[in-house]
Amino acid sequence: GYLLSRFGCIRWFWEVFKWSGTGWVSGGDDSEAAVAFLPANDAFCHIKDAMLRLEQRGLLAKYNLINQIHDALMFEVEDELLREMVAEVSAEMVAPSLVLIDPTVAPGGLSVEVGVSAGKSWDKMGEIR
C-alpha cells in the first residue's frame, strides 16, 4: 500500500504488517517508516514551500543560501545584511501553512516558531533573539 500526504507526496510501503503464524500483526520492515512518513513529509514540504517563496523573491541568492540541513537553512550572509536576512527569512519560515490547516488546531494554517543562530563558524554560533 501507500500513503499520500496533504502536500500530494506519495510513498509506497511493502511490509507494514507481518504474518505471525496466526494473523497479520504490526512490526513489518516498513512499519516505522509508515508511522514517520506523514509528519516528516509535512515538515519537509513546509520548509520547501518557505524556500520556494524566498527563491521567488530572490532572497536565497541575495543572502547566499549554502545549505538546507534537516529543518535549518544555512546562509553565508554579509554582515550588513544579517538583520535584514533574519527578519525576511524568519517571516517566511513562520508564515502559516496554506496546506496544513485544521479547523480546531490550526484554522488559519499551522505556524511553527523558529530559532535563529549566527556566527562566523559553527562553533561560534549564538542565538539571535
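Presented here is an overview of the structure given in this document. Being a predicted model, the structure only gives us computed values, none of them experimental.

A short note on the overall build of the protein
Here is step 1 of the chain: Each helix and strand in the protein was counted, giving three helices and eight strands.
Here is step 2 of the chain: In the protein, the succession of α and β elements from N to C terminus is β-β-β-β-α-α-β-β-α-β-β.
Here is step 3 of the chain: Radius of gyration (C-alpha) of the protein: 19 Å, far over the 14 Å computed for a compact globule of 129 residues.
Here is step 4 of the chain: Along the first, second and third principal axes, the C-alpha atoms of the protein reach 65 × 35 × 25 Å.
Here is step 5 of the chain: Counting the 129 residues in the protein, one finds 29% classified as buried.
Here is step 6 of the chain: Across the protein, the fraction of contacts at a sequence separation of at least 24, relative to all contacts at a separation of at least 6, is 35%.
Here is step 7 of the chain: Here the protein has roughly 9000 Å² of accessible surface; of this, 57% comes from carbon and sulfur atoms.
Here is step 8 of the chain: One finds the centroid of the 11 positive side-chain charges in the protein at a distance of 2 Å from the centroid of its 19 negative side-chain charges.

Here's the deal with unusual backbone geometry
Here is step 1 of the chain: Even without glycine at this site, Asn64 takes up a positive phi of about 60°.
Here is step 2 of the chain: Mapping Asn64 onto the fold places it in the loop between helix H2 (59–62) and strand S5 (65–69).
Here is step 3 of the chain: Located in the positive-phi region is His70, a residue other than glycine, with phi close to 55°.
Here is step 4 of the chain: Considering the arrangement of structural elements, one finds His70 in the loop between S5 and strand S6 (72–75).
Here is step 5 of the chain: Looking at His70, the relative accessible area reads 73%, which means it is exposed.

Cut-off values and rules
Residues numbered from 1 in each chain as written. Predicted model: local features only at pLDDT ≥ 70, side-chain atom pairs only at ≥ 80, totals over all residues. Heavy atoms only, no water. Helix = DSSP H or I, 4+ residues; strand = E, 2+ residues; numbered from the N terminus. Rg over C-alpha atoms; globule rule 2.2 N^0.38 Å. Buried < 20%, exposed > 50% of the residue type's maximum accessible area, 1.4 Å probe, protein only. Contact = heavy atoms within 4.5 Å. Areas by Shrake-Rupley, 256 points an atom, 1.4 Å probe, with all protein chains shown as cover. Lys, Arg positive; Asp, Glu negative; His and termini not counted. Charge placed at Lys NZ, Arg CZ, Asp CG, Glu CD.

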